[in-house]
Amino acid sequence: MLCLKDKVARRETRDRLEASKGIIENLVSSITSQTVWAFEENESAALSQLASALADRVFAMTPVLRNELVNRSKPSGSANAALKQLNYALLKKRCK
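Residues numbered from 1 in each chain as written. Predicted model: local features only at pLDDT ≥ 70, side-chain atom pairs only at ≥ 80, totals over all residues. Heavy atoms only, no water.

Topic: the overall build of the protein chain
Reasoning step 1: Helix and strand counts for the protein chain come out as four helices and two strands.
Reasoning step 2: Helices and strands in the protein chain line up, N terminus first, as α-α-β-β-α-α.
Reasoning step 3: Within the protein chain, the proportion of its 96 residues that are buried is 3%. (Helix = DSSP H or I, 4+ residues; strand = E, 2+ residues; numbered from the N terminus. Buried < 20%, exposed > 50% of the residue type's maximum accessible area, 1.4 Å probe, protein only.)

Okay, structure coming up:
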């Protein structure tokens, strides 16, 4: 509770968290870039290519949303609300 009232402690905690995130991201990036990835007929490719091919196969019937407001790393509240409504409508239609 003390940290909630202490601006310096909050800032230092936030900075340490960001530094830790950076270290983890660098380690994961280093490991994944040095790894040979393979899946069925795709002998060896970049992880993102294999993940994309696998997702295309698994989610072949999923609608494609081409909207820059939705496809952001942090969509706005209104974009999230619209996605939620779309998901409910899709599930409701599927259940009929």
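Describing the pattern of salt bridges
Reasoning step 1: This model, assessed by the stated rule, comprises two salt bridges.
Reasoning step 2: The salt bridge involving Arg-16 is made with Glu-12; its shortest N-O contact spans 2.7 Å. Of this pair, Arg-16 and Glu-12 are both found in helix α2 (residues 7–33), four residues apart, which corresponds to roughly one turn of the helix.
Reasoning step 3: Residue Arg-16 is classed as exposed on the basis of its relative accessible area, which comes to 57%.
Reasoning step 4: Under the relative-accessibility criterion, Glu-12 is labelled partly exposed at 38%.
Reasoning step 5: In this structure, Glu-18 engages Lys-21 in a salt bridge whose closest nitrogen and oxygen atoms are separated by 3.7 Å. Remark: Lys-21 and Glu-18 occur in helix α2; sequence separation between them is three residues, near one turn of the helix.
Reasoning step 6: According to the relative accessible area criterion, Glu-18 is partly exposed, its value standing at 45%.
Reasoning step 7: Classification of Lys-21 as partly exposed rests on a relative accessible area of 40%. (Salt bridge = Lys/Arg side-chain N within 4 Å of Asp/Glu carboxyl O.)

Considerations on a positive patch on the surface
Reasoning step 1: Positive charge collects at one region of the surface, where Lys-7, Arg-10, Arg-11 and Arg-14 lie side by side.
Reasoning step 2: Within the secondary structure, Arg-11 sits in helix α2.
Reasoning step 3: Arg-11 gets classed as partly exposed once you look at its relative accessible area, which sits at 42%. (Patch = residues over 30% accessible without salt bridge, like charges linked within 9 Å, V, L, I, M, F, W, Y side chains within 5 Å. Areas by Shrake-Rupley, 256 points an atom, 1.4 Å probe, with all protein chains shown as cover. Lys, Arg positive; Asp, Glu negative; His and termini not counted. Charge placed at Lys NZ, Arg CZ, Asp CG, Glu CD.)

Overview of α2
Reasoning step 1: Its 27 residues give α2 an end-to-end C-alpha distance of 39 Å, which sits within 8% of 39 Å, the value for a rise of 1.5 Å per residue.
Reasoning step 2: Where α2 begins, one side-chain oxygen reaches toward the backbone nitrogen of Val-8, 3.1 Å away; that side chain belongs to Asp-6. (Expected span 1.5 Å × (residues − 1). Polar contact = N/O pair within 3.5 Å; in protein donor to acceptor, adjacent residues only side chain to side chain.)

Re a nonpolar patch on the surface
Reasoning step 1: Together, Ile-23, Leu-27 and Ile-31 make up a nonpolar patch on the protein surface, roughly 310 Å² of accessible area in all.
Reasoning step 2: With respect to the helices and strands, the residue Ile-23 is situated in helix α2.

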